[in-house]
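Descriptive analysis of the structure
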Amino acid sequence: MVDRTPSAAPHVKAIPTPSRADSGGEVYVVKRGDTLYSIALEHGMDYRELAAINGITDPGALPVGRELKLKRPAPP
């Protein structure tokens, strides 16, 4: 298991995750080297839920720059 808390790597500066209010949730912009699994893990989600929220059928095809919703939109 990997400890991803800031105290685990004191020499590494934490960089805020790009996010904004959008349809009732945060948005993550895919960076080079990201995987659906790593993004989900970083945000306390299951990768299958992240895929479902974003309509992703092929987790291996995750283009850099794509915006991923991190939460389901709230019902109206």
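In what follows, the accompanying structure is described. If you're wondering where the values come from, they're calculated on a predicted model, not measured in any experiment.

Brief notes about the overall build of the protein chain
- Counting secondary structure elements, the protein chain contains two helices and two strands.
- Reading the protein chain from its N terminus to its C terminus gives the helix and strand order β-α-α-β.
- Taking all 76 residues of the protein chain together, the buried fraction comes to 22%.
- Summed over its atoms, the accessible surface of the protein chain is roughly 5700 Å², and 56% of this surface lies on carbon and sulfur atoms.

A closer look at the nonpolar core
- Counting 13 residues, the largest nonpolar core has L36, I39, L50, L62 and L68 as its most contacted members.
- With near-sequence residues (within four places) excluded, I39 lies in contact with Y28, V30, D34, L50, L62, L68 and L70.

Some words on the side chain of N54
- Within the fold, N54 resides in the loop between α2 (47-53) and β2 (67-69).
- Look at N54 and you get buried, because its relative accessible area is 12%.
- Residues in contact with N54, not counting those within four places in the same chain, are R66, E67, L68 and K69.

Thoughts on the pattern of salt bridges
- Applying the stated criterion to the full structure yields one salt bridge.
- R48 is paired through a salt bridge with D46; the nearest N and O atoms lie 2.8 Å apart.
- Classification of R48 by relative accessible area gives exposed; the value is 54%.

Re a nonpolar patch on the surface
- Nonpolar side chains collect at one region of the surface, where Y37, L41 and Y47 lie side by side and expose about 310 Å² of accessible area between them.
- On the secondary structure map, L41 appears in helix α1 (residues 36-42).

Topic: the side chain of D34
- Looking at the secondary structure, you find D34 in the loop between β1 (27-29) and α1.
- Within the buried set, D34 has no salt-bridge partner at all; the shortest N-O distance to an opposite charge, 4.4 Å, is to K31.
- Not counting the four nearest positions on each side in its chain, D34 is found in contact with Y28, V29, I39 and L62.

Points about the environment of D58
- Counting through the fold element by element, D58 comes out in the loop between α2 and β2.
- For D58, a relative accessible area of 44% translates into the label partly exposed.
- The sequence separation of D58 and L36 amounts to 22 residues, and the corresponding C-alpha distance is 9.8 Å.

Here is what the cut-offs are and how they apply
By convention here, each chain's residues receive numbers from 1 onward along its written sequence. Side-chain atom pairs in this predicted model are given and counted only at pLDDT of 80 or more, local residue features only at pLDDT of at least 70, and totals for whole chains, interfaces and linings cover all residues. Hydrogens and waters are ignored; side-chain quantities use all the structure's heavy atoms. Under the DSSP-based scheme used, a helix requires at least four consecutive residues in state H or I and a strand at least two consecutive residues in state E, with every element numbered from the N terminus. Each residue is placed in one exposure class: buried if its accessible area under a 1.4 Å probe, protein chains only, is under 20% of its type's maximum, exposed if it is over 50%, and partly exposed if it falls in between. For the area figures, the Shrake-Rupley method with a 1.4 Å probe applies, and any residue is considered shielded solely by the protein chains shown. Side-chain atoms within 4.5 Å link the members of a nonpolar core, which is a set of buried Ala, Val, Leu, Ile, Met, Phe, Trp, Tyr and Cys residues. Here, residues are in contact when the closest pair of their heavy atoms is within 4.5 Å. Salt bridges are counted wherever a side-chain nitrogen of Lys or Arg sits within 4 Å of a carboxyl oxygen of Asp or Glu. In this scheme, patches are assembled from residues that exceed 30% relative accessible area and form no salt bridge. Like charges are connected within 9 Å, while nonpolar side chains (Val, Leu, Ile, Met, Phe, Trp, Tyr) are connected within 5 Å. In this tally, Asp and Glu contribute negative charge and Lys and Arg positive charge; neither His nor the terminal groups of the chain are included.

Any functional reading would require information beyond the geometric quantities listed.
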